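A look at the structure
The lines below spell out each chain.
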Amino acid sequence: MLPASSDVIVIGAGNAAFCAALAAAEHGVSVLVLERAPEDESGGNSRFTAGAFRCVYDGVDDLRTLMPDLTDQEVADSDFGTYTEEKFFDDMGRVTEYRTDPDLCELLVTRSRDTMHWMRGKGIRFIPIWGRQAYKIDGKFKFWGGLTVEAWGGGPGLVQMLTSAATKNGVTVAYEARATALIADDDGVKGVRIRHRGRTVEVKAKCVVLAAGGFQANTEMRTRYLGPGWELAKIRGTRFNTGDGIRMALDIGAMPTGNWSGCHAVGWDRNAPEFGDLTVGDNFQKHSYPWGIMINANGERFVDEGADFRNYTYAKYGRVILQQPGQFAWQVFDNKIIPMLRDEYRIKRVTKVRANTLEELVKKLDDVDAERALETIKTYNKAVKNDVKFDPNVKDGRCTIGLPINKSNWANTVDQPPFEAYAVTCGVTFTFGGLKIDTEGRVMDTDGHAIPGLHAAGELVGGLFYFNYPGGTGLMAGAVFGKIAGTTAGRGAAQSP
């Protein structure tokens with residue numbers, strides 16, 4: 001049974017929601033977390049992630065404080081580099097075409113390090129991203145792309161650790177509890193209407209934190225806001241993120257803001273299910289494309305696969321793939337690169353072809369103009385600047401010359417058998433449009449005033465991401481703004497009569 005009231009109600013049960021719940025609980029108030037999903041599907045999109053956090057660190061000493069399990073040998077074998085506040089700001093500005101909200105961006109960057117240590121203090125363990133963000137060159141791992149740290153156990157491990165931390169801190173978690181409306185009057189939000197295991201109930205609250213994700217799993221909203229064709233995209237994560245949190249807030253006058261026609265969209269296995277599958281997690285993604293080439297149904301390349309590190313292009317290339325004929329593409333690699341492919345290329349549920357000649361390979365590419373594809377590969381091979389050494393740890397400048405779409409880095413010829421190709425379509429992770437908040441995590445109304453008692457964090461906050469996204473920033477933003485919103489809500493509830 002749900003309680004009749006709670007000082008703070010948090011709607012959602014992913015990373016942002018639990019950070020909000022933990023921060024609110026620090027103020028000695030009662031906290032209720034509402035999770036729409038059953039327990040075995042709980043955790044929102046956080047559970048489907050690889051668990052990467054993009055955070056500021058000034059060197060290995062910062063990382064050892066965050067990850068005390070690091071051994072001296074691991075440190076000696078690794079070049080962790082640094083990821084300064086300046087670099088984080090530069091990345092956020094560059095990939096969002098400088099549209100990111102400056103106030104929210106400043107909070108994200110400047111509080112990332114402290115928030116990670118706060119999470120560590122709550123029992124969340126972190127490890128370096130050895131396999132996906134560092135290649136061993138000359139006996140040493142070199143981390144690249146500003147992304148070094150992930151939660152132990154990935155997304156599932158993160159949700160498990162956060163759930164455990166919440167329970168230890170007295171937070172109540174209710175599953176199969178779908179919030180359907182905010183109870184509000186002229187004085188602000190007073191509670192939540194909930195559909196709990198087939199029954200509708202109302203729970204009073206002094207403060208509510210919305211952290212229920214974006215609207216990507218809602219086909220109607222996706223098509224209305226992202227545009228025609230987006231109903232054909234697949235959903236990387238949970239089937240439960242249908243925009244309820246956003247809708248409830250808009251219904252009581254909240255201000256919408258941000259890139260409502262934009263989303264985080266990646267290359268995703270062409271034959272993956274319509275929604276995420278927890279038994280596979282994020283392994284339907286196919287993110288080694290910078291080392292190979294991508295070919296569409298017309299047998300042509302359509303994007304600069306090596307424009308930047310994967311971290312800075314993968315979240316926008318899903319949209320480009322969706323725009324191709326048939327909404328798919330094939331990623332093509334030869335035997336020089338096949339041993340380097342990320343682990344997700346080796347799962348059983350993968351759309352893959354293999355051949356010993358290019359002529360044989362192109363005939364196996366379903367729905368592709370084979371003759372044109374062969375011509376494209378051969379023309380590409382001739383355009384590669386072979387005098388530049390391939391180095392996956394840096395933007396190596398190994399490029400092509402003279403093609404309609406040149407490849408800027410990591411331009412390896414596709415000429416050493418065997419050859420492999422993987423079919424991908426568009427997988428949507430989360431939507432960029434959402435609610436406007438202030439620097440205390442309070443939801444703003446359309447007149448520019450904070451709605452009393454209403455706060456928000458995570459993917460349903462708008463204004464942070466436009467067009468694109470630096471990898472690992474979603475979980476970091478969820479944690480930073482979850483903590484901010486939870487702190488504001490907990491303090492407000494504690495001070496309320």
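In every chain, residue numbers begin from 1 and rise along the written sequence. Since the coordinates come from a predicted model, pLDDT governs what is reported: local features require at least 70, and pairs of side-chain atoms require 80 or more to be given and counted, while whole-chain, interface and lining totals use all residues. Excluding hydrogens and water, the side-chain values take into account all heavy atoms of the structure.

The next subject is the overall build of the protein. What counts as a helix is a DSSP run of H or I of at least four residues, what counts as a strand is a run of E of at least two, and both are numbered from the N terminus. Looking only at helices and strands, the protein features 14 helices and 22 strands. Restricting the calculation to C-alpha atoms gives the radius of gyration, and the globule rule supplies 2.2 Å times the number of residues raised to the power 0.38. Radius of gyration (C-alpha) of the protein: 23 Å, near the 23 Å computed for a compact globule of 497 residues. Any residue under 20% of the maximum accessible area for its type is buried, any over 50% is exposed, and the rest in between are partly exposed; the area is computed with a 1.4 Å probe on protein chains only. In the protein, buried positions account for 59% of the 497 residues. Contact criterion: two residues are considered in contact whenever any of their non-hydrogen atoms come within 4.5 Å of each other. Considering only contacts within the protein whose residues lie at least 6 apart along the sequence, 75% involve residues at least 24 apart. Of the roughly 19100 Å² that the protein leaves accessible, carbon and sulfur atoms contribute 47%. Charged residues are defined narrowly, with Lys and Arg counted positive, Asp and Glu counted negative, and His plus the chain ends left uncounted. Note that the charge is assigned to NZ on lysines, CZ on arginines, CG on aspartates and CD on glutamates. If you average the places of the 58 positive and of the 62 negative side-chain charges in the protein, the two averages end up 3 Å apart. Note on areas: Shrake-Rupley with a 1.4 Å probe; residue coverage comes only from the protein chains shown.

Below, the discussion takes up empty space enclosed by the protein. Empty space among the atoms becomes apparent when a probe as large as a water molecule is rolled across them. Here the term cavity refers to a set of points on a 1 Å grid, laid over the protein atoms alone, in which a 1.4 Å probe fits but cannot get out; the term pocket refers to an open set having protein on both sides within 12 Å along at least five of seven lines, with lining residues being those that place an atom within 4 Å of a point. Grid points are joined across faces, edges and corners, and a volume is the space filled by probe spheres set on the points. Scanning the model with the defined rule gives four cavities of 30 Å³ or more in all. Roughly 120 Å³ of internal volume is contained in the second largest cavity. Phe430, Thr431, Phe432, Gly458, Glu459, Val461, Leu464, Phe465, Gly474, Ala477, Gly478 and Phe481 together form the lining of the second largest cavity. Counting only elements with at least two residues in the lining of the second largest cavity, the list comes to β19 (419-431) and α14 (473-495). The element contributing the most residues to the lining of the second largest cavity is α14, with four residues.

The relative placement of two packed helices comes down to the angle between their axes together with the axis-to-axis distance. Axis definition: a line fit to C-alpha positions, over the contact stretch in the case of helices; interaxial angles, taken between N-to-C directions, run 0 to 180 degrees. Packing of helix α1 (residues 15-25) against helix α8 (residues 154-168) brings their axes to within 10 Å, and their N-to-C directions diverge by 20 degrees. Taken together, the axis directions place α1 and α8 in an arrangement best described as roughly parallel. Handedness of the α1/α8 crossing: left-handed. Across from Asn15, Phe18, Cys19 and Leu22 in α1, the residues of α8 making contact are Leu158, Leu162, Thr163, Ala165 and Ala166. Gly is placed with the polar residues, together with every amino acid not listed as nonpolar (Ala, Val, Leu, Ile, Met, Phe, Trp, Tyr, Cys and Pro) or charged (Asp, Glu, Lys and Arg). For the contact of α1 with α8, the per-class residue count stands at seven nonpolar, two polar and no charged. For classification purposes, angles smaller than 35 degrees are called roughly parallel, those larger than 145 roughly antiparallel, those between 65 and 115 roughly perpendicular, and all remaining angles oblique. When the near helix sits turned anticlockwise from the far one by under a right angle, the crossing is termed left-handed; a clockwise turn instead gives a right-handed crossing.

This part covers the nonpolar core. Buried Ala, Val, Leu, Ile, Met, Phe, Trp, Tyr and Cys residues form a nonpolar core when they are joined through side-chain atoms within 4.5 Å. Residues Leu34, Leu210 and Phe481 are the most contacted members of the largest nonpolar core, which totals 138 residues. Apart from the residues within four sequence positions on either side, leucine 210 is in contact with Ile11, Leu182, Gly245, Met248, Ala249, Leu435, Leu454, His455, Ala456, Ala457 and Leu460. By size, the runner-up hydrophobic cluster in this structure holds 25 residues, among which are Ile293, Leu365, Ala373 and Tyr380.

The residue after proline 417, namely proline 418, is reached through a cis peptide bond having omega 0 degrees. The residue proline 418 is located in the loop between α13 (370-383) and β19 in this model. We note that tyrosine 98 has phi near 60 degrees; this positive angle belongs to a residue other than glycine. Take tyrosine 98: its relative accessible area is 63%, and that puts it in the exposed class. The phi angle at phenylalanine 467 is positive, at roughly 70 degrees, despite the residue not being glycine. Note that phenylalanine 467 resides in the loop between β22 (450-456) and α14.

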